[in-house]
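# Structure at a glance
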Amino acid sequence: MADLSQTTVVMPDKPANEEIELYLTMMGHFGAQTGMPALRVNVANADALHTGATQDFLVLGTVNDQPGLGKLSPYLPVTLDTNGVHVKDTQGFFSGQEHAWWKVRPSEHITSGDLQTAGSLPDTLIEGIESPYLSGHSVVIIAVKDTTTVPQFLSAFLKSSQSSDIANTVSVLHGNRFDSFR
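Predicted model, so just to flag it, every value in this text is computed and none were measured.

It is worth spelling out the overall build of the protein at this point. For the protein, the count of helices and strands is four helices and nine strands. Along its sequence from the N terminus, the protein presents helices and strands in the succession β-α-β-β-α-β-β-α-β-β-α-β-β. Long-range pairs, those at least 24 residues apart, make up 62% of the contacts in the protein with a sequence separation of at least 6. Carbon and sulfur atoms make up 51% of the accessible area of the protein, which totals about 9100 Å².

Another aspect to go through is the packing of aromatic side chains. The full count for this structure, using the stated rule, is four aromatic pairs. Relative to Y133, the ring of F57 has its centre 6.1 Å away and its plane inclined at 80°; by these criteria the two rings are edge-to-face. Here Y133 lies in the loop between β6 (124–130) and β7 (138–144) and F57 lies in strand β3 (residues 56–62), a separation of 76 residues in the sequence. Ring geometry for F153 against F178: centres 6.3 Å apart, planes inclined by 80°, an arrangement best described as edge-to-face. Remark: F178 occurs in strand β9 (residues 177–181) and F153 occurs in helix α4 (residues 150–160); sequence separation between them is 25 residues. Side by side, F153 and F178 carry an identical accessibility label, which is buried.

All right, on to the nonpolar core then. By size, the foremost hydrophobic cluster in this structure holds 22 residues, and its most contacted members are L49, F57, V59, L72, V139 and I141. Mapped by element, the contributors of at least two residues to this core are β3, α2 (67–72), β4 (78–81), β6, β7 and β8 (170–174). Counting residues per element, this core draws most heavily on β7, which supplies three residues. Setting aside anything within four residues of it in sequence, one finds V139 in contact with F57, V59, L72, E127, G128, I129, S131 and P132. Counting residues in hydrophobic clusters, the runner-up holds 21 residues, among them M11, L58, L173 and F178.

Tracing the sequence through the fold places T62 in strand β3. The spacing of T62 and E18 is 44 residues in sequence and 9.5 Å in space, taken between C-alpha atoms. Beyond its immediate chain neighbours, meaning those up to four positions away, T62 contacts E19, L69, V144, K145, D146 and T147.

To continue, consider the pairing of β8. Note on strand geometry: in a regular strand, side chains alternate between the two faces of the sheet. β8 sits mainly inside the fold: five of its five residues count as buried. Where β6 and β8 come together, four bridges link them in antiparallel fashion. Of the residues in β8, the one forming a bridge with E127 is V170. As judged from the five bridges shared by β8 and β9, these two strands associate in the antiparallel manner. Note that in β9 the partner of S171 across the bridge is S180. What sits between β8 and β9 in their antiparallel hairpin is a turn of two residues, with G175 showing a positive phi close to 65°.

Criteria and cut-off values
- Residues numbered from 1 in each chain as written.
- Predicted model: local features only at pLDDT ≥ 70, side-chain atom pairs only at ≥ 80, totals over all residues.
- Heavy atoms only, no water.
- Helix = DSSP H or I, 4+ residues; strand = E, 2+ residues; numbered from the N terminus.
- Contact = heavy atoms within 4.5 Å.
- Areas by Shrake-Rupley, 256 points an atom, 1.4 Å probe, with all protein chains shown as cover.
- Phe/Tyr/Trp six-rings, centres within 6.5 Å; stacked < 30°, edge-to-face > 60°.
- Buried < 20%, exposed > 50% of the residue type's maximum accessible area, 1.4 Å probe, protein only.
- Core = buried A, V, L, I, M, F, W, Y, C linked by side-chain atoms within 4.5 Å.
- Pairing = 2+ DSSP bridges.

What follows is the structure, encoded as structure tokens:
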């Protein structure tokens, strides 16, 4: 919905000022794109991520203080933590599962660790999946490395959000450049 009335933004329990800035900037950006202010969005903590949840989710925060990242980890093909980026084996993880958002043919088999991010922890990971709680709904994660990289992410995102730089299931930000992966 354009007013985000079916969306819950999952924030850390005690968001830092930079995480609040991230939330407010994203809400303003979405409103600018749809022409409808995000007046009906719900804001909650990670407790909103549970079986039976009937809304779409936008999970925002830093790697260190967003518990929603841990709750969603079993469902994510790619995770980010202080030790780096972790990619699940797409053949084993997704074999036999039908998801419109992720179609991996045998020729596209990716094994864990094949996602390269220039040898360092990315500044931000953006990832979208179908909700594990209700078919037809989505979960989008914006996991920022730490609060110091929020302004850099916002600048790069606002420049790239209308381009093909941010595409597919996973996009990672290094500096001011996004790389996207299927």
